[in-house]
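Topology and contacts: notes
Here's the letter readout for the chains.
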Amino acid sequence: MQALLKLAKGIDWFNHKIGYIASWMILLSCLVSAGNASWRKIFDNSSNGALEMQWYMFAATVMLGAAYTLQRNEHVRVDLFYGGRAPRTKALIDVFGIIVFLLPSMYLIAKLAMPVFINAFNSGEMSSNAGGLIRWPFVMLLPLGCALVWIQGISELIKRIGFLTGQYNMDITYERPLQ
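A brief report on the enclosed structure follows. (Residues numbered from 1 in each chain as written. Predicted model: local features only at pLDDT ≥ 70, side-chain atom pairs only at ≥ 80, totals over all residues. Heavy atoms only, no water.)

Some thoughts on the overall build of the protein
In terms of regular secondary structure, the protein is built from 5 helices and 0 strands. In sequence order, the protein lays out its α and β elements as α-α-α-α-α. Overall, the protein is about 65 × 40 × 30 Å in size when its C-alpha atoms are taken along their principal axes. The proportion of buried residues among the 179 residues of the protein is 35%. Contacts in the protein between residues at least 24 apart in sequence constitute 76% of all its contacts with a sequence separation of at least 6. Averaged over its 15 positive side-chain charges, the protein has a centre that lies 6 Å from the centre of its 10 negative ones. (Helix = DSSP H or I, 4+ residues; strand = E, 2+ residues; numbered from the N terminus. Buried < 20%, exposed > 50% of the residue type's maximum accessible area, 1.4 Å probe, protein only. Contact = heavy atoms within 4.5 Å. Lys, Arg positive; Asp, Glu negative; His and termini not counted. Charge placed at Lys NZ, Arg CZ, Asp CG, Glu CD.)

Spelled out as C-alpha cells, the structure:
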C-alpha cells in the first residue's frame, strides 16, 4: 500500500503543477480579451486569432484544471448522498463513484475523442475564420484533460482505500458550494 500511496503522491504533485498552469490561463485569457477589445475600440479592427486564443485558453483552464479540482475535493457532489455522512461513509461513496462513474466515463470520453484529435492533427485542421488558428491543440485538450482526470481518479481511489484501511490520513470534508 505504501508504494501505491507514493504513486498517488506523485500523481497529486503532477496534477497540482498542471492545475497551476491552468490557473494562469484565466489571467492570460482576460489579458488577450482586454487587449483585443481595446484594439477593436481604438483601431476599429479585431483579430479572429485573438478571439480563438481566448477560447483555447478557456478550454485549457477547464480541461487541465479538472484533475486539480478533483484532487482538492472541489467537484460538485450530490449532497443527498454525501452531505452530513461520516468520513468512512464518504470514503466508501467516493470509492464507488470513482470505480463506477469517474474512471469508466473518463476512459470512454478520451477513447472517443482520440480519433478526432488524431484526424485534426494529421489533417492540420485550421479554423475556417480569416486569421484563425490551428485546431489540433484545442482538440487535444479533451483526451488530455480526461487522461489527467483519470490518473487523478486513480490517485483518489488509492488515497480513499488507504483511508479506509487506516494507512492514510486525509481530510474528507466537503463544503457545499455557496449559492
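Examining the packing of aromatic side chains
Evaluation of the coordinates by the stated rule reveals 7 aromatic pairs. Judged by centre distance (4.4 Å) and plane angle (45°), the ring pair of Trp-39 and Phe-43 falls under tilted. Pair noted here: Trp-39 and Phe-43 are both in helix H1 (residues 2-43), with a separation of 4 residues, about one helical turn. According to the relative accessible area criterion, Phe-43 is partly exposed, its value standing at 49%. (Phe/Tyr/Trp six-rings, centres within 6.5 Å; stacked < 30°, edge-to-face > 60°.)

Details of the nonpolar core
One finds Leu-64, Leu-102, Leu-141 and Val-149 to be the most contacted residues of the largest nonpolar core, which totals 22 residues. Those elements that place two or more of their residues in this core are H1, helix H2 (48-71), helix H4 (87-123) and helix H5 (136-164). It is H2 that contributes the most residues to this core, 8 residues altogether. In this structure Leu-64 touches Ile-18, Gly-19, Ala-22, Ala-59, Leu-141, Leu-144 and Leu-148, once residues within four positions along its chain are discounted. (Core = buried A, V, L, I, M, F, W, Y, C linked by side-chain atoms within 4.5 Å.)

So, unusual backbone geometry
Here Asp-44, not a glycine, exhibits a phi torsion of approximately 50°, which is positive. Within the secondary structure layout, Asp-44 lies in the loop between H1 and H2.

With respect to H2
Side chains three or four residues apart in an α-helix point the same way, a direct result of the helix having 3.6 residues per turn. The end-to-end C-alpha distance of H2, which contains 24 residues, comes to 35 Å, matching closely the 34 Å that a straight helix rising 1.5 Å per residue would cover. The largest bend in H2 amounts to roughly 40° and is located at Gly-65. Of the residues one or two after H2, Asn-73 is the one with positive phi, at around 60°. (Expected span 1.5 Å × (residues − 1). Bend = angle between axes of the 7 residues up to and from the residue.)

Observations concerning a nonpolar patch on the surface
Where nonpolar side chains cluster on the molecular surface, the patch consists of Tyr-20, Ile-21, Trp-24, Leu-27, Leu-28 and Leu-31 and spans about 610 Å² of accessible area. As for its placement among the helices and strands, Trp-24 is situated in helix H1. (Patch = residues over 30% accessible without salt bridge, like charges linked within 9 Å, V, L, I, M, F, W, Y side chains within 5 Å. Areas by Shrake-Rupley, 256 points an atom, 1.4 Å probe, with all protein chains shown as cover. Salt bridge = Lys/Arg side-chain N within 4 Å of Asp/Glu carboxyl O.)

Some points on the environment of Tyr-168
With respect to the secondary-structure elements, Tyr-168 resides in the segment after H5. Among the residues examined, Tyr-168 registers a relative accessible area of 28% and is labelled partly exposed. The sequence separation of Tyr-168 and Leu-5 amounts to 163 residues, and the corresponding C-alpha distance is 8.1 Å.

Points about the pattern of salt bridges
Applying the stated rule across the entire model yields 5 salt bridges. In this structure, Arg-135 engages Glu-125 in a salt bridge whose closest nitrogen and oxygen atoms are separated by 3.6 Å. Of this pair, Arg-135 sits in the loop between H4 and H5 while Glu-125 sits in the loop between H4 and H5, and the two are 10 residues apart along the sequence. Taking the relative accessible area as the measure of exposure, Arg-135 reaches 29% and is therefore partly exposed. The class for Glu-125 is partly exposed, based on a relative accessible area of 28%. By sharing partners, the salt bridges in this structure join Asp-12, Asp-94, Glu-156, Lys-159 and Arg-160 into a single network.

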